Amino acid sequence: MANSKFEYVKQFEQPDNLLPNTWIVVRIDGRGFTKFANKYAFEKPNDKRALELMNAAARAVMGEVQDITVAYGVSDEYSFVFHKTCSLFERRASKLVSTIVSTFTAYYVHYWSTYFTDTPLSAPLPSFDGRAVCYPTVQNLRDYMSWRQVDCHINNLYNTTHWALIQLGGMDGTEAEMTLKGTYAADKNEILFSKFSINYNNEPEMYKKGSVVFRDYELVEPGTHNTSIDADHLAEPVQQSKTQTENDRKRRAKARIVVEHLDIIKDDFWNRRPWLLSNKPGRVPKEP
Ligand SMILES: Nc1nc2c(ncn2[C@@H]2O[C@H](COP(=O)(O)OP(=O)(O)OP(=O)(O)O)[C@@H](O)[C@H]2O)c(=O)[nH]1
Ligand SMILES: [Mg+2]
């Protein structure tokens, strides 16, 4: 083996492995999307096209990266959850994050014209940053997901009321801000209802709950599985035959990847979909 005198530079490459046996969340976030949204005149507070474009890109990412078990998106951000037993890329943070960010960005640009049919993209092009965080237990992971969904609710209720005061109530930004200063959720609901006859409950689910992306198998009866306890007890990838691993891979590849707007804070979502935490593909529903 002929070593060149330059080879010593390899030593500068430092490991950046993420802790084994933990849930990895890669969260990507649109860079400067306040400006970007203005440039393309996104509707305020929610632009259906922009959100559906984010969802399409997230769905495509999940189609390409099988180790992602579930993803959750709101506004210009998306969180991708890697199962705790995944050994993808030896769990190197930079490889994981760069793969997700570049795949997501590529699809965002690719699908742009499908959702913004008469506004071509021009430089500066959309870009995303990303980070990876490890969560040791199912409870930590679920709390992370709940945190994002609560954030979605708080921001959406605020933004919906703020923009109603402006668009329907004729206020300027400062007046709307002053009106909402110190108000609670109940006050905002009341403003929407009494001033504008808007029942917040009837707002689109995608705006109120955000979007959750996962592989669709047959739902199970709640109470028949104890997946979160089983998942916490799992110390390393389940040992199984090559054939079984290959079967799982095929079943996963066959499953439809769906985007829904569900409550991911309550147990029900997780209990009825044990495959999200077990990483064991469920039964593929028969075509209707
Ligand atoms: N009008 C409109 N704006 C949106 C929509 N979704 C996201 N945005 C914009 O995207 C921003 C996302 O917030 P941030 O990520 O904190 O802001 P940012 O400008 O992207 O800043 P950095 O992420 O720090 O680069 C919001 O403040 C909105 O301005 C939408 O559906 N409609
Ligand atoms: Mg952003």
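These figures come from a predicted structure and were not determined experimentally.

### What to know about the UniProt feature "binding site: Mg(2+) 1" (unreviewed entry) in the protein
For step 1, the next point in the chain: As annotated by UniProt and renumbered to match this structure, "binding site: Mg(2+) 1" (unreviewed entry) occupies D29, G30 and D76. Across 48 residues of sequence, these annotated residues stay compact in space, with a maximum C-alpha separation of 5.6 Å.
For step 2, the next point in the chain: Within the fold, D29 resides in strand β1 (residues 23-30).
For step 3, the next point in the chain: Other than its neighbours up to four places away in sequence, D29 contacts D76, E77, F128 and D129.
For step 4, the next point in the chain: Looking at the element boundaries, D76 is found in the loop between β2 (68-74) and β3 (77-82).
For step 5, the next point in the chain: For D76, a count of 20 C-beta atoms within 10 Å translates into the label buried.
For step 6, the next point in the chain: Each residue touching D76, except ones within four places of it in the same chain, is listed here: D29, G30 and F33.

### Here's the deal with the site of ligand 1
For step 1, the next point in the chain: Taken together, 16 residues lie near ligand 1, and F33, T34, A37, F42 and D47 sit nearest.
For step 2, the next point in the chain: Of all the secondary structure elements, the ones that give two or more residues to the shell around ligand 1 are β1, α1 (33-39) and α2 (48-64).
For step 3, the next point in the chain: Looking at which element gives the most residues to the shell around ligand 1, the answer is α1, with 3 residues.
For step 4, the next point in the chain: Of the residues assigned to the shell around ligand 1, the class counts are 5 nonpolar, 5 polar and 6 charged.

Conventions we followed
- Residues numbered from 1 in each chain as written.
- Chains lettered and ligands numbered in written order.
- Predicted model: local features only at pLDDT ≥ 70, side-chain atom pairs only at ≥ 80, totals over all residues.
- UniProt positions renumbered as here; feature names shortened; annotations may be inferred.
- Helix = DSSP H or I, 4+ residues; strand = E, 2+ residues; numbered from the N terminus.
- Contact = placed C-beta atoms within 7 Å.
- Buried ≥ 20, exposed ≤ 12 C-beta atoms within 10 Å, placed from the backbone.
- Near = placed C-beta within 6 Å.
- Nonpolar A, V, L, I, M, F, W, Y, C, P; charged D, E, K, R; others polar.

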